[in-house]
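# Examination of the molecular architecture
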Amino acid sequence: MRRTRLSATLATLALTAALAGTATATAAPSAADASAAPSCTQGYVCVQPVIGFTIRVPEGSRQDFDPPVAIASVVNDTSTGYCLTGTYNTGVAPGGVFEPRLAYSLRSLTPSPDGYCLATDD
């Protein structure tokens, strides 16, 4: 009988893990599927946190994150360039995708019509 309870507990844990994995797979792109670019809605910049739901920022708008957000990607589906201020400062061109290779915390997302982004926070 003890073995049956253990088997039932393990089956429940496996099912829970499988369901959690399914939910996670829809929230963020898999590292194994690098060719699949994250999707976004035309006219928005989409910020995909490592944990949580996609944050959509309308074209031309600024978004501050306090506290900073750990991100998996930023998709710019607008005609305006955007500057990302965070772990390091960078930009994402119109129609571009930013997928950091290492942990990245985003503090702000700012439109940059001229495409110029500061390299430091000065």
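What you see is a predicted model; the values in this text were computed from it and never measured.

### A look at the state of the cysteines
For the coordinates displayed, the defined rule picks out two disulfides. With its sulfur 2.0 Å from that of its partner, Cys40 forms a disulfide with Cys46. A torsion of 75 degrees about the S-S bond marks the disulfide between Cys40 and Cys46 as right-handed. Owing to a relative accessible area of 4%, Cys46 belongs among the buried residues under this scheme. Bridging Cys83 to Cys117, the disulfide has an S-S length of 2.0 Å.

### Here we look at the packing of aromatic side chains
Applying the stated criterion across every chain yields a total of three aromatic pairs. Ring centres of Tyr88 and Phe98 lie 6.3 Å apart, and the angle between their planes is 80 degrees; this geometry places the pair in the edge-to-face category. Residue Tyr88 is located in the loop between β4 (81-86) and β5 (90-92), and its partner Phe98 is located in strand β6 (residues 97-98); the two are separated by 10 residues in the primary sequence. By relative accessible area, Phe98 is classed as buried at 11%. By the ring-pair criterion, three or more aromatic residues cluster together here, those being Tyr88, Phe98 and Tyr104. Against the face of Tyr44 rests Arg56, its NZ or CZ located 4.2 Å from the ring centre.

### Here's the deal with the nonpolar core
Val47, Ile71, Val74, Leu84, Phe98, Leu106 and Leu109 are the most contacted members of the largest nonpolar core, which totals 14 residues. When residues in this core are grouped by element, the largest group, four residues, is from strand β3 (residues 63-77). Aside from chain neighbours lying at most four places away, what touches Leu106 is Val47, Phe65, Pro68, Val69, Ile71, Leu84, Thr85 and Gly86.

### Focus: the pairing of strand β2 (residues 55-58)
Here four bridges tie strand β1 (residues 44-49) to β2, and the two strands are oriented antiparallel to one another. Within the sheet, the bridge partner assigned to Cys46 lies in β2 and is Arg56. Where β1 hands over to β2, the hairpin turn is made up of five residues, of which Gly52 adopts a positive phi near 125 degrees.

Criteria and thresholds
- Residues numbered from 1 in each chain as written.
- Predicted model: local features only at pLDDT ≥ 70, side-chain atom pairs only at ≥ 80, totals over all residues.
- Heavy atoms only, no water.
- Disulfide = S-S within 2.5 Å.
- Buried < 20%, exposed > 50% of the residue type's maximum accessible area, 1.4 Å probe, protein only.
- Phe/Tyr/Trp six-rings, centres within 6.5 Å; stacked < 30°, edge-to-face > 60°.
- Helix = DSSP H or I, 4+ residues; strand = E, 2+ residues; numbered from the N terminus.
- Lys NZ or Arg CZ within 6 Å of the ring centre and 35° of its normal.
- Core = buried A, V, L, I, M, F, W, Y, C linked by side-chain atoms within 4.5 Å.
- Contact = heavy atoms within 4.5 Å.
- Pairing = 2+ DSSP bridges.

That is the geometry; function is a separate question.
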